[in-house]
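Chains, contacts and geometry: an overview
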Amino acid sequence: MAKIGNTDLGDFSLWLAPMEAVTDPPFRSLCKTYGADVLVSEFVSSDAIVRQKSLSKMDFSPKERPTGIQIFGHDEKSMREAAEIAARWKPDFIDLNWGCPVRKIVSKGAGSGILQDIPKMIRITAAVVDAMRERGIPVTVKTRLGWDESDKPIVEVAERLQDVGIAAISIHGRTRSQLYAGQADWTLIGEVKANPRMHIPVFGNGDVDSAAKAALMRERYGVDGVLIGRAAIGNPWIFAQCKQFLATGTESASPSFKERRQVCLELFQKEIEAKGERVAAQEMKIHYPGFFKGIPHFKPAKMQLMLCSTFAQAQEILEDFETGMTGNCQTENSPLSIPMPDSFSKPKSAQGLM
Ligand SMILES: Cc1cc2nc3c(=O)[nH]c(=O)nc-3n(C[C@H](O)[C@H](O)[C@H](O)COP(=O)(O)O)c2cc1C
C-alpha cells in the first residue's frame, strides 16, 4: 500500500502526469471524473510564485484530492519560499520538477539541468523538505534517469533523495539528452523499485499509452503506480480503461463519438469559465486530436477545429460531423500510438516541452 504522507494511494495508482498548458484545473478535474487517482498541477516557476505571479495555476478543488503542486527552479531560497507560498493552497504534496528538458529551463540549472549537479539537487530538495516538515506537507520529486546515455545515476540519486526525506519519487524513463525521443527505458525504474534500501513509493513514467501497457509496467517493474502524460491529452477515458483492465483483465469499449463530442465541449466550456473564450479556444487545440483519434474521416473536421476560435464554432463543427456520419462510429482499431498531437501548433507555453 503506497502512501504519500498520510495519503493512501492503494497498491497501484494512476497519475495524470504534470503537463504545462495541459493539466490545468479544468482538465485535471475531468481526468479525476474518469478515474485518475492522483493529479499534479502544471509546473509553476518558483521565481514567479515568489513574485506573486502564476498563482492561479496552483488552484484546485477539494474533490480533486489528492493533488500535488509542482514547482521548478534552480535557486534554493526561491524554491524554499515558493514551496512555503504553495503550502497555503494546502496541496497533498509539493512536487519538485527535476526532469524538465526544455533548454531555457535546463540552461539555468533548473528542471533536468540539475542532473548535472546532483549535490545541488540534493541540497535544494533537502531545503524544501525541511521547510515543509513543520507544515506537514510531504515533498516528492519527478525526475529522469540522468543527463545522457553515459550518465544515468538514478538508482543512487533516488536513494540520496529518499535520505533527505522525500515521500515518493516519479521517474520518467529517459535521460535529458533524449528529450522525448526513442522509447522510455523502464529497466532502471525497475532497479530503483527493487533496491532493498528504497522504502518510499516509486512511480514510473514514460510511454504508458494503454491499459495493457500500464498493467505490463506494474507486472514487470513492480512500480507503485504510473504517470500517464501524452496519452491522456484529449483522452481522459484512459484512466477508466486502465482501472477496468487492472481489475478484470478486460478491455473497455472506446467511447462513442457522441460521448467524445460531449466531453470535449464540456472541457471547452470549463476552460472558458477558467480563462475566457480566446485562451480556451487556443488551449483546446492540444486536446482535439486525442478526443477524436481513430474516428474515421474526421480529418477535415479536425482541421476546422484547429482554426476555430469560439465555442459556438466548435460545437457546430462537431454537430455537423455527427449529422453527416453514416453508419456507426466505431473507432479504427489502430494501436494507441503516443499522440504527438499535430496540434503542435500547440499553445505557446507548451512549445518545446515535447
Ligand atoms: C505538453 C507537455 C508538457 C509537459 N509539462 C510538464 C510539466 O509541467 N512538469 C513535468 O514534470 N513534466 C512535464 N511534461 C512531461 C510529462 O509529465 C511526462 O513526463 C512525459 O510526457 C512522459 O510521459 P508520457 O510518455 O506518458 O507522455 C510535459 C510533457 C508534455 C508533452
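Criteria and thresholds
- Residues numbered from 1 in each chain as written.
- Predicted model: local features only at pLDDT ≥ 70, side-chain atom pairs only at ≥ 80, totals over all residues.
- Heavy atoms only, no water.
- Domains from an automatic or database assignment.
- Contact = heavy atoms within 4.5 Å.
- Salt bridge = Lys/Arg side-chain N within 4 Å of Asp/Glu carboxyl O.
- Polar contact = N/O pair within 3.5 Å; in protein donor to acceptor, adjacent residues only side chain to side chain.
- Helix = DSSP H or I, 4+ residues; strand = E, 2+ residues; numbered from the N terminus.
- Buried < 20%, exposed > 50% of the residue type's maximum accessible area, 1.4 Å probe, protein only.
- Pairing = 2+ DSSP bridges.
- Right-handed = clockwise from strand over helix to strand, strands pointing away.

We now examine the domain arrangement of the protein. By domain assignment, the protein separates into domain 1 (2-248) and domain 2 (257-350). Relative placement of domain 1 and domain 2: their C-alpha centres are 28 Å apart. Between domain 1 and domain 2, the contact holds 19 residues from the first and 22 residues from the second. Run the count over domain 1 and domain 2 and you get 1 salt bridge. In this structure, the salt-bridge partner of Lys275 is Asp24, at a minimum N-O distance of 2.6 Å. At the surface where domain 1 touches domain 2, the tally comes to 4 residue pairs in polar contact (both at pLDDT 80 or more). When residues of the side of domain 1 that touches domain 2 are assigned to their parent elements, the largest contribution, 4 residues, is made by helix H1 (residues 25-33).

Along the chain, the position of Pro91 falls in the loop between helix H3 (76-86) and strand E6 (93-98). Taking C-alpha positions, Pro91 is 5.9 Å from Thr67, a pair spaced 24 residues apart along the chain. Setting aside chain neighbours within four positions, we find Pro91 in contact with Phe60, Arg65, Thr67, Ile69, Ala86 and Ile137.

Turning our eyes to something else, we now look at the pairing of strand E9 (residues 202-205). Here E9 shows no split at all, with Val202 and Gly204 on one side and Phe203 and Asn205 on the other all buried. With 4 bridges connecting them, strand E8 (residues 168-175) and E9 associate as parallel partners. When the sheet's bridge partners are listed, Ile169 is paired in E9 with Val202. Handedness of the crossover is the feature at issue here: the chain leaves E8, passes through helix H7 (residues 187-194), returns alongside E9, and the resulting connection is right-handed. Bridge count for E9 against strand E10 (residues 225-228) is 3 bridges, and the pairing is parallel. The residue bridging Phe203 from the neighbouring strand is Gly225, located in E10. The handedness of the E9 to E10 crossover, carried by helix H8 (residues 211-221), is right-handed.

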